[in-house]
Amino acid sequence: MTWSDYWVWFAAAIALGILEILAPGYILLGFAIAAGLMGFVFLIDGGLGSYLATSLPITLVIFGAVALVVWIALRKIFGARGGSVKVWETDINDD
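Residues numbered from 1 in each chain as written. Predicted model: local features only at pLDDT ≥ 70, side-chain atom pairs only at ≥ 80, totals over all residues. Heavy atoms only, no water.

So what's going on with the overall build of the chain? Residues and values would help.
For the chain, the count of helices and strands is 4 helices and 0 strands. In the chain, the succession of helices and strands from N to C terminus is α-α-α-α. Since a compact globule built from 95 residues should have a radius of gyration of about 12 Å, the 20 Å found for the chain marks it as more spread out than a globular shape. By element, 71% of the accessible surface of the chain is carried by carbon and sulfur atoms, the whole surface being about 6900 Å². Placing the 4 positive and 7 negative side-chain charges of the chain at their respective mean positions leaves the two points 8 Å apart. (Helix = DSSP H or I, 4+ residues; strand = E, 2+ residues; numbered from the N terminus. Rg over C-alpha atoms; globule rule 2.2 N^0.38 Å. Areas by Shrake-Rupley, 256 points an atom, 1.4 Å probe, with all protein chains shown as cover. Lys, Arg positive; Asp, Glu negative; His and termini not counted. Charge placed at Lys NZ, Arg CZ, Asp CG, Glu CD.)

As structure tokens, this is what we get:
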């Protein structure tokens, strides 16, 4: 099955990484890293890879959970964006 091939997940990781460059903000980076990790799971082809190859819905749930964990880790590492606007109380030209 195509979705259980490791190269499909690696191609998805590269595509999501390129899209992240075009739309910065660490939105797609978590999905790209998770797709890369899923590619490694299927490349190793151990017990987890064999189990996930039998069911697409379970594979997508695991992918989503890994993407969420990676996204939360990225938020902890890089921090959240500041949503407040800088308000200037004084003017440089006021003496």
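A description of helix α1 (residues 6-22) should follow, citing residues and the corresponding values.
Think of an α-helix as turning once every 3.6 residues; residues three or four places apart then point the same way. The first and last C-alpha atoms of α1 sit 25 Å apart over 17 residues, in line with the 24 Å expected at 1.5 Å per residue. Buried residues of α1: Trp9, Ala13, Leu16 and Glu20, and no others. For α1, the angular spread of buried residues about the axis comes to 70 degrees, placing them on one side. Away from its buried face by more than 90 degrees, α1 exposes Trp7, Ile14, Ile21 and Leu22. Those residues of α1 hidden inside the fold are in contact with α2 (29-44) and α4 (56-78). (Expected span 1.5 Å × (residues − 1). Buried < 20%, exposed > 50% of the residue type's maximum accessible area, 1.4 Å probe, protein only. Arc of directions from axis to C-beta. Contact = heavy atoms within 4.5 Å.)

Explain the nonpolar core residue by residue, including any values.
Membership of the largest hydrophobic core is limited to 9 residues, which are Trp9, Ala13, Ala34, Ala35, Met38, Phe42, Leu52, Phe63 and Ala67. Elements with a minimum of two residues in this core: α1, α2 and α4. In terms of residue count, the dominant contributor to this core is α2 (4 residues). Setting aside its immediate chain neighbours within four residues, Met38 contacts Trp9, Leu52, Thr59, Ile62 and Phe63. (Core = buried A, V, L, I, M, F, W, Y, C linked by side-chain atoms within 4.5 Å.)

Can you tell me about the packing of aromatic side chains, naming the residues and giving the values?
As enumerated under the stated definition, the model contains 5 aromatic pairs in all. Ring centres of Tyr6 and Phe10 lie 6.0 Å apart, and the angle between their planes is 75 degrees; on these two criteria the pair is classed as edge-to-face. Taken together, the residues span about one helical turn, with Tyr6 and Phe10 both in helix α1 at a distance of 4 residues. Its relative accessible area of 38% is what places Tyr6 among the partly exposed residues. Taken together, a centroid distance of 5.2 Å and an interplanar angle of 75 degrees make the contact between Phe10 and Phe40 edge-to-face. Here the residue Phe10 occupies a position in helix α1, and Phe40 occupies one in helix α2, the gap between them amounting to 30 residues. When its relative accessible area of 22% is taken as the criterion, Phe10 is described as partly exposed. In textbook terms, an aromatic cluster arises when at least three aromatic residues are bridged by ring pairs, as seen for Trp9, Phe31, Phe42 and Phe63. (Phe/Tyr/Trp six-rings, centres within 6.5 Å; stacked < 30°, edge-to-face > 60°.)

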